[in-house]
Each structure stands twice: as structure tokens, then as C-alpha cells.
Amino acid sequence: MAPSPAPLAASTPLLHGEFGSYPARGSRFALTLTSQALHIQRLLPKPEARPRDGLVPLSVISGCCTLRSHSPSDSAAYLCIYTYLRGRRGGRRRAARTFQADGAATYEENRAEAQRWVTALMSLLRGLPLPGEEEITPELLPRPPRLLLLVNPFGGRGQAWQWCESHVLPMISEAGLSFNLIQTERPNHARELVQGLSLSEWDSIVTLSGDGLFYEVLNGLLDRPDWEQAVKMPLGILPCGSGNALAGAVNRHGGFPPALGLDLLLNCSLLLCRGGSHPLDLLSVTLASGARCFSFLSVAWGFVSDVDIQSERFRALGKARFTLGTVLGLAALRSYHGRLSYLPTTVESASPGPAQGLPRAKSELTLAPAPPPTVAHSPLHRSVSDLPLPLPLPQTALASPSSPEPMPVQSLNGGVPELAGDWGGPGEAPLSPDPPLSQPCGSPKATTLSPITEGRPETPTACGLPPHTPAAPAASTEGPKDHLLPPLGSPLPPGWVTLEGDFVLVLAISPSHLSADMLAVPHARFDDGAVHLLWVRGGVSRAMLLRLFLAMEHGSHFNLGCPQVGYAPARAFRLEPLTSRGLLTVDGELVEYGPLQAQIHPGLGTLLTGPPGCTGQGP
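How each quantity is defined
Residues numbered from 1 in each chain as written. Predicted model: local features only at pLDDT ≥ 70, side-chain atom pairs only at ≥ 80, totals over all residues. Heavy atoms only, no water. Helix = DSSP H or I, 4+ residues; strand = E, 2+ residues; numbered from the N terminus. Buried < 20%, exposed > 50% of the residue type's maximum accessible area, 1.4 Å probe, protein only. Contact = heavy atoms within 4.5 Å. Areas by Shrake-Rupley, 256 points an atom, 1.4 Å probe, with all protein chains shown as cover. Pairing = 2+ DSSP bridges. Axes fitted to C-alpha atoms, helices over the stretch in contact; angles between N-to-C directions. Polar contact = N/O pair within 3.5 Å; in protein donor to acceptor, adjacent residues only side chain to side chain. Core = buried A, V, L, I, M, F, W, Y, C linked by side-chain atoms within 4.5 Å. Expected span 1.5 Å × (residues − 1). Bend = angle between axes of the 7 residues up to and from the residue. Phe/Tyr/Trp six-rings, centres within 6.5 Å; stacked < 30°, edge-to-face > 60°. Lys NZ or Arg CZ within 6 Å of the ring centre and 35° of its normal. Salt bridge = Lys/Arg side-chain N within 4 Å of Asp/Glu carboxyl O. pLDDT = per-residue confidence, 0-100.

Thoughts on the overall build of the protein
Working step 1: Within the protein one finds 10 helices and 25 strands.
Working step 2: Looking at the protein residue by residue over its 619 residues, the buried ones come to 58%.
Working step 3: Considering only contacts in the protein between residues 6 or more positions apart, those separated by 24 or more positions represent 75%.
Working step 4: A total accessible area of about 24,500 Å² is found for the protein, and carbon and sulfur atoms account for 57% of it.

Structural data, given as C-alpha cells:
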């Protein structure tokens, strides 16, 4: 077995070549590919000392393909690269750069050179090692990953489906990924779907909505009889909801600067196209009724849960609902009496900030919902797929708000875009795509997929979903055992820490973000083996509480020195509300009010994150 090649420095050239331009003729460019970027330098008609847009980081490239001219006399092959660089206003701008490989006398030779570049670039984008320059052949690429996309069309302000059509599907096609897309029609639809899914036919499941749809998929997998295998399925999230906390953490893990809305969606889509996954800690939560669920995000009691649930009536405002809810919550600020017990982690985790006298221990919270009544549902439909695609998707422009540039028409069946306005100027013969390079290695187009069946048969319901219908999350009956927890109501074992008093809020959070723009625990990692417990004691002023949440946008709230603020990372916890009325949420969903306890299960899940820190907070 040949030894793997030694890692190369970021500036080491992997490929270098000279290309013509298209559709404008006469210009010549030198392309140099390194492990981190594509360098483009104009040679003719006038060399550029400092080329504008001459350095294209791989982190902003969604994919590439080879093209050929419809003119029989044109022996050149064409290399098309899709990029999403930031415009002057900060938003991402899509561009398709096409270069002409014309250094050889025959089309076959020029096509081989263009394919060599596509193979090298796609290998780097997907984190695959490259052999020597002469050994770069299309056979290096594996078959395209098969994605199951689940879209909540009412996510956020109802724009999830539009963003999916206009931005996500075109980018996934540019990356050469294979997919099947399904619209969810009601609460817990995604959970039922994945319970009956043949997981061997998919490489990952990706949700396009807020955090709620991801929660459904996760708990559906963990409620299968084969949960131990099912939970290994990599899960991805493309943010089209209101809070988008997990997507904010993925965005930060990928090295991108903070983003909201469409920019956050494009960032996460780029990371998805790059591939790469990371272990994900999950929280098992048991409620007073004995129901159990699994959380990837947070458990909240007090101010945070009050704002989350009471702002539901402002859902049409999108993310602004939380701002309005916070103002109303501050006006009616109250505290809750309760008891919080937690099992500290054995190894002290990183401090959240400069020493402020915060209580140190380790805590974790998650909530399990009560089981809902059995509801019947209609057979699965509204499926859009490239395996094969039964009907064409409406073609819309792919552009960020700062870019009116239209995209080429997309072919969802071929895995590469068909050619339209981007390829061909006046008098030019149009170009068409070559077959996908990795097709011989086992394209899903040749695979017959079994029908997707739902987990529990139910009676038909109306197809149309209301914009949002909160429903009690279904309880999990499968999943790992909670070996750190005694029965709820039993005395806690030695080594636990207990706090009792009045709390304005208690928050147990696993990733770094509480929402896309709220960095609750800057040092948190997806697999740090701890749930991060934050609390604010009674007696805090409205002004200080507002300052805490404003500072959380930058992750600097621990630096304010507020004496009512506490923090502790933990392996397990128990929360006992001692007031008769209140709201408890898990991952933003309302659950039954009463005592609960939870345990963290390190690295139980797998999250699609893309490569870590691939942008250095730059592009």
C-alpha cells in the first residue's frame, strides 16, 4: 500500500496552466491552484500586477464543471467555476467564471486538461487527498453524495421554499450533489418520515427551515428500533427559520463572520457543498410524566422561554418577533422560584471570559415532550428529486440582494447546470456540459430507490399547513440509557451541586449560539461533552438584563460583571420549578411544565459542518 502524500503548504502550487477567456475572446489567463485558493492572473492583453478578484478562496467556490461548444469546428474545452464572493455591500454575489482550455490540437486532449482541473478542484473542495499532478484523473472522485432535503415551506416568514428554489437547489446542482426534496406538510411530519426511511439509500439528511425541523428529524431517528445505527446518519441544516441557532454555530465553526438571513443561508450552503462532518453532543431529557426526548440546542425556563413562546403570535415578523418579545418580556419581568442541581464535568472546561466570580460547575439540560395523541396523515407527496426528477422546478434568479445577476437554467437530473446566459455572447456558439466526472463510479441516477414510507399510518388530513401550529413534540421510546441519572424524584447521588432560589432565567445550551446572532457560550464546541448552564438570579434590573442580551450578540456578556449571572458546564442536571406557573421549552418547543432531568451523551449524533475555520473570518 502506497504511503499517503505528505500535506502541502497552503501556498504550494498543485496545478498551473494557461487558459483563454470566454465569452470575451483575446484575453489569456494564468491559473494556479493551491490547497486553499485559486489564483487568477491576466496575461493578455495587459498583464495585471495586482489582479482584481485574482485570489478566489476555495471556501467561496460551490463547484465546477467542464463544457464544450456546440460548434463542430471548436476544439477547445471549457472550465466553468461557480463562486460566491462578497460584493461591496457585504452580500454574496454569484458569478460563473468560464475559461477556455485550448493548448492542444484536439478536443479530447483539451477536455482531458479541463477535467484534470475539475477533478483537482472538486477533490480539494470535498477534502480528498490529491496524488501527483500526472495522476489526477476523474476516477479519483467518488459518486456524488445523496442528500435527502426536507423543507418546511412555512419556515421563518414563509420564504423557505422560495429560498430553496432560488438559492439552495442551484448551488447544490453546481456542486454536483444528488438529492431528493420533500416539503413537510404538518408538525411532526419529518419525524414520521425518517422513522420509515431506508437509511442505506442516503448519505445525509438536510433540513431547510429553523431549528424545529432539525429537532423532528433527530428525534425521529432516535425513536427507530435501529436507533444505534440511525443516529449515525449525518444531519445538516440550512437556515430558513426565525432563530437559526444551530446554523449560527455552524457558520462560526466554518470560520465565516456573523451573518443573518440570506447571507447565513448562502454561507451554510457553501459549507454543505464542501462536505465534512463533526460529532454532535445530544441531550436526553426526561419530564415529570416520564416522557423523554433528545435535544441538540437548549432547554430554557423563565425569561428566554417566555419570550420564545409568547412571541409566537408575531411569527410573521420573522426574527424581529424576538426583539418585540424581549421588549414585552422586560416590561413584565418576573422571577421564578426553583431548584437547580447538576453534576459537574470532571475536567474544567474553558472559562467563558475573564474571571467574574461566576459559579463554576458543569450542567446540562434538555426537555422531553409529552406524547401527542395519534393523528392520521395522508401518503407522502410533494417530492422533487433528481433520482429522477419528475417535473422541472420553476427557474428563478440566483442572486443575493446586492446582485441582480441571473443564474443559468439548472438541470437537476444531470448534476451540473445546463447552459444559458452565462455562457455565450453575441455570435458565440452556445456551450453544453460534459457528463459528470464521477458518474461512472455509481451515479444515483442509475439507482432505484425504495418508496419512502411513513413511520405510523394515520388518517388523511388537509394538505395545507397553517403558517405555524405549535404541537407537543412526540416522546422518544428508544435511545441510549441515562446512566448518570437516578429516577426523577429520587435523591441525587454524591458529587452533585444544588442551587435554590429565585431565578429570572435558567438556560442549558449545548452549541455556542442561542440564535444566529446571539453568541451565548463563545467557547462551546459541538462535541465538548458538556451542556453549558447559564442562569440569572432574581434581583437583576431590567437595564442590566437588557445589557446582557445586547452583549450576547458579541459573546461579551460574561465580561459585564453582573453579580446575578452564573455559569456552569455539566454532564447531567435536574431542574425543579417550585412555582405553580411557568413555561419550559426544549429547542424552542413548549413542553410540559414540571420537574425534569437530563444527561448529555457525548458525540452521539453527527452534524454536517463543512471544514473547520476554512475562511479565517474572511470571504
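Quick word on the pairing of strand S5 (residues 61-69)
Working step 1: In terms of residue burial, S5 counts as a mostly covered element, since 8 of its 9 residues are buried.
Working step 2: Across 7 bridges, S5 lies against strand S6 (residues 77-86) in antiparallel orientation. Across the sheet, residue Gly63 finds its bridge partner in S6, namely Tyr82.
Working step 3: Here S5 runs beside strand S17 (residues 431-433); their pairing, made up of 3 bridges, is antiparallel. Residue pairing in the sheet places Leu67 in a bridge with Pro433 of S17.

Thoughts on the sheet that holds S5
Working step 1: Overall, antiparallel pairing links the 8 strands, which are arranged S4-S3-S2-S1-S7-S6-S5-S17 in an open sheet. In the strand order of this sheet, the two ends are held by strand S4 (55-57) and S17, each with one partner. With strand direction ignored, the average angle separating the axes of adjacent strands in the sheet is 40 degrees.
Working step 2: As paired strands, strand S2 (residues 28-33) and strand S3 (residues 37-44) are joined by 6 bridges and run antiparallel to one another. Across the sheet, residue Arg28 finds its bridge partner in S3, namely Leu44.
Working step 3: Taken strand by strand, helix H1 (residues 107-125) contacts strand S1 (15-22), S2, S3, S5, S6 and strand S7 (92-101), and its axis lies near 170 degrees from that of S5.
Working step 4: Each of S5, S6 and S7 touches helix H2 (residues 160-174); the most contacted strand, S5, lies at about 65 degrees to it.

Section: the side chain of Asn110
Working step 1: Within the secondary structure, Asn110 is located in helix H1.
Working step 2: There is a polar contact of 3.3 Å between the side chain of Asn110 and the backbone nitrogen of Gly103.
Working step 3: Setting aside residues up to four positions removed in sequence, Asn110 forms contacts with Ser75, Ala76, Ala77, Ala101, Asp102, Gly103 and Ala104.

Section: the nonpolar core
Working step 1: Membership of the largest hydrophobic core comes to 95 residues, with the highest contact counts inside it found for Leu149, Leu150, Ile205, Leu208, Phe296, Tyr342 and Trp535.
Working step 2: With 9 residues, helix H7 (residues 261-274) is the largest single contributor of residues to this core.
Working step 3: Ignoring anything within four residues of it in the chain, the contact list for Ile205 reads Leu148, Leu150, Val194, Leu197, Val217, Met233, Pro234, Leu235 and Gly236.
Working step 4: One finds Val56, Ile81, Trp117 and Ala120 within the second-largest nonpolar core, a separate group that totals 30 residues.

Topic: H2
Working step 1: An ideal rise of 1.5 Å per residue puts 21 Å on 15 residues; H2 measures up with 20 Å between its terminal C-alpha atoms.
Working step 2: Maximal helix bending in H2 amounts to about 35 degrees, located at Val168; proline Pro170 follows within four positions.
Working step 3: In terms of burial, H2 is a largely internal element, 14 of the 15 residues being buried.
Working step 4: Downstream of H2 by a residue or two, Gly176 has a phi angle that is positive, lying close to 75 degrees.

Re the packing of aromatic side chains
Each aromatic ring pair is summarised here by two numbers: the centre-to-centre distance and the angle between the ring planes.
Working step 1: Going through the model one piece at a time under the given rule, you end up with 9 aromatic pairs.
Working step 2: Geometrically, the ring pair formed by Trp301 and Tyr336 is tilted, given 5.7 Å between the ring centres and 50 degrees between the ring planes. Taken together, the residues span a long stretch of sequence, with Trp301 in strand S14 (residues 298-302) and Tyr336 in strand S15 (residues 336-344) at a distance of 35 residues. Both residues of the pair, Trp301 and Tyr336, belong to the buried class.
Working step 3: Ring geometry for Phe303 against Phe549: centres 5.5 Å apart, planes inclined by 45 degrees, an arrangement best described as tilted. Of this pair, Phe303 sits in helix H8 (residues 303-310) while Phe549 sits in helix H10 (residues 542-552); the two residues are 246 residues apart in sequence, bridging distant segments of the chain. Both residues of the pair, Phe303 and Phe549, count as buried.
Working step 4: By the ring-pair criterion, three or more aromatic residues cluster together here, those being Trp301, Tyr336 and Phe503.
Working step 5: Sitting over the face of the ring of Tyr107, Arg68 holds its NZ or CZ atom 4.1 Å from the ring centroid.

Some words on the pattern of salt bridges
Working step 1: What the rule picks out here adds up to 13 salt bridges.
Working step 2: Two residues, Arg94 and Glu174, come together in a salt bridge whose shortest N-O distance is 2.9 Å. With Arg94 in strand S7 and Glu174 in helix H2, the pair connects residues that are 80 residues apart, well separated along the chain. Each of the two residues, Arg94 as well as Glu174, counts as buried.
Working step 3: Across the salt bridge formed by Glu500 and Arg339, the nearest N and O atoms sit 3.2 Å from each other. Within this pair, whereas Glu500 is found in strand S18 (residues 497-509), its partner Arg339 is found in strand S15, the two being separated by 161 residues in sequence.
Working step 4: Under the relative-accessibility criterion, Glu500 is labelled partly exposed at 44%.

Comments concerning the confidence of the model for the protein
Working step 1: Of all residues in the protein, 73% have pLDDT values of 70 or greater, and the mean over the chain is 79.
Working step 2: Of the regions scoring below 50 in pLDDT, residues 347-351 engages in 11 contacts with residues more than four places distant in sequence or in other chains.
Working step 3: Scored below 50 in pLDDT, residues 439-471 makes 75 contacts in the model with residues more than four places away or belonging to other chains.

Details of the pairing of S7
Working step 1: The buried fraction of S7 is high, at 7 of 10 residues.
Working step 2: In the sheet, S1 pairs with S7 via 3 bridges, with the strands oriented antiparallel. Paired with Gly20 across the bridge in S7 is Gln100.
Working step 3: Looking at chain direction, S6 and S7 are connected through 10 bridges and run antiparallel.

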